[in-house]
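Summary of structural features
The chain contents come next:
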Amino acid sequence: MRIGIDLGGSKIAGICIDHADRVVSEGRCATPQNNYDDTIRSICDLVDRLEAHLPGDKASRSIGIGTPGSLSPRTGRIQNANSVWLNDRPLGRDLETALGRPVRLANDADCFILSEAHDGAAADAGIAFGVILGTGCGGGIVIDRALISGPRRIAGEWGHNPLPSPLGDEHPGPLCWCGRHGCMETWVSGPALAADHARTTGVWITVEEIAAAAHRGEANARRSLDRHASRLARGLAAIVNVLDPHVIVFGGGLSALDHLYRDLPGLIAPHVFADDATVQIRPPRWGGASGVRGAARLWEDRNRP
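These numbers come from a predicted model, not from an experiment. (Residues numbered from 1 in each chain as written. Predicted model: local features only at pLDDT ≥ 70, side-chain atom pairs only at ≥ 80, totals over all residues. Heavy atoms only, no water.)

This part takes up the pattern of salt bridges. One pass over the structure, following the stated rule, counts 21 salt bridges. We note a salt bridge from D18 to R22, for which the minimum N-O separation is 2.9 Å. Accessibility expressed as a relative area gives 7% for D18, which makes it buried. Sharing partners across several salt bridges, the network here consists of R2, D21, D119, R293, R297 and E300. (Salt bridge = Lys/Arg side-chain N within 4 Å of Asp/Glu carboxyl O. Buried < 20%, exposed > 50% of the residue type's maximum accessible area, 1.4 Å probe, protein only.)

A few words on the sheet that holds strand β7 (residues 104-107). An order of β3-β2-β1-β4-β7 is seen for the 5 strands of this open sheet, with the pairing classed as mixed. Looking along the sheet, the strands with just one partner apiece sit at the ends: β3 (23-30) and β7. The sheet shows a mean angle of 15° between the axes of neighbouring strands, direction not considered. Where helix α1 (residues 36-51) meets the sheet, its contacts fall on β1 (2-7), β2 (11-17), β3 and β4 (62-67), and the angle it forms with β1 comes to roughly 145°. The strands touched by helix α3 (residues 108-119) within the sheet are β1, β4 and β7, with β7 carrying the most contacts at an inclination of about 95°. (Pairing = 2+ DSSP bridges. Helix = DSSP H or I, 4+ residues; strand = E, 2+ residues; numbered from the N terminus. Axes fitted to C-alpha atoms, helices over the stretch in contact; angles between N-to-C directions. Contact = heavy atoms within 4.5 Å.)

Time to look at the pairing of strand β8 (residues 127-133). Of all the 7 residues making up β8, 7 are buried; the element is thus mostly covered by neighbouring parts of the structure. Where burial is concerned, the two faces of β8 agree: the one with I127, F129, V131 and L133 and the one with A128, G130 and I132 are both buried. Pairing geometry for β8 and strand β9 (residues 137-143), over 7 bridges, is antiparallel. Within β9, the position partnered with A128 by the bridge is V142. Between β8 and β9, which pair antiparallel in sequence order, lie 3 residues.

So, on to the sheet that holds strand β11 (residues 247-251). Taken together, 5 strands build an open sheet; the order of strands is β10-β9-β8-β11-β12 and the sheet is mixed. Edge strands, defined here as strands with exactly one partner in the open sheet, are β10 (146-147) and β12 (281-282). Sheet strands in contact with α3 are β8, β9, β10 and β11, and its direction is about 45° off that of β9.

Taken as a whole, helix α8 (residues 258-268) has its buried residues at H259, L260, Y261, L264 and I268. On its buried side, α8 packs onto α7 (219-243), β11 and β12.

Interaxial distance between α7 and α8 falls to 9 Å at its minimum, and their mutual angle equals 55°. When the axes of α7 and α8 are compared, the pair comes out oblique. The chirality of how α7 crosses α8 is right-handed. Where α7 approaches α8, its residues R222, L225, H228, A229, S230, L232, A233, L236 and A237 are matched on the opposing element by H259, L260, D263, L264, L267 and I268. Of the residues that constitute the contact of α7 with α8, the class distribution is 10 nonpolar, 3 polar and 2 charged. (Parallel < 35°, antiparallel > 145°, perpendicular 65-115°, else oblique. Left-handed = near helix turned anticlockwise from the far one by under 90°. Nonpolar A, V, L, I, M, F, W, Y, C, P; charged D, E, K, R; others polar.)

In structure tokens, the structure reads:
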């Protein structure tokens, strides 16, 4: 039995899968905002609910947790989380104390692509790059079904690289929560797309409303989606030139935008430094469940320390 927890910005999801990858229990709860201790308690309560009717000893069940940010190898504390109340806190150690057993933590984007590489959209790929486009902008790398995390645990963390080849009105770019200007996250996340549309039109609407308006043929909404796709393409082309992945898999709320799969390969191609500029971009097989399924697999991952 393997338990996975996906600690998101608004919700905490949990799953328990057996040796045959069958889901035997699942649940979710709201993420406490700006309260570290309540976050610990909520995770423990969710694990208790997942295990309430399971046979056997709790100690025999592994627990993997996907988090915003990552666990610093230098300090053992969370770094780079946009849920800022987690930063510089020993989340792994505190969860092990509260749960009374070992846990493994990884970035939520790492968990996402680990799941999709194992039995999802990237199962046939030697090198896969997972992109989370939701409230933030994350990334993860899997090679031959094993996570690449790096000595600082930031491999794939492309959301805080600057937008490549910025146009005149794209520099210096919006202020990011990390303190820098013009990070990819400030251009291609869901809130960034909505904010860009509002700056341009003076009207604040959701990403879903922008997409619906564009589908109806509204020019301002279409231009907002085009600007977003251009920025996303430039950022992904830099990833392709460095990593050369066989496939890129999208997750998060914006992965539901169908036009991205149609438009992005052609927008990326002019920036790719190769005679074959074909880039495969795929939607996730497991949708919103990819992160929690990947968290449950963290104890299987042979590249984990």
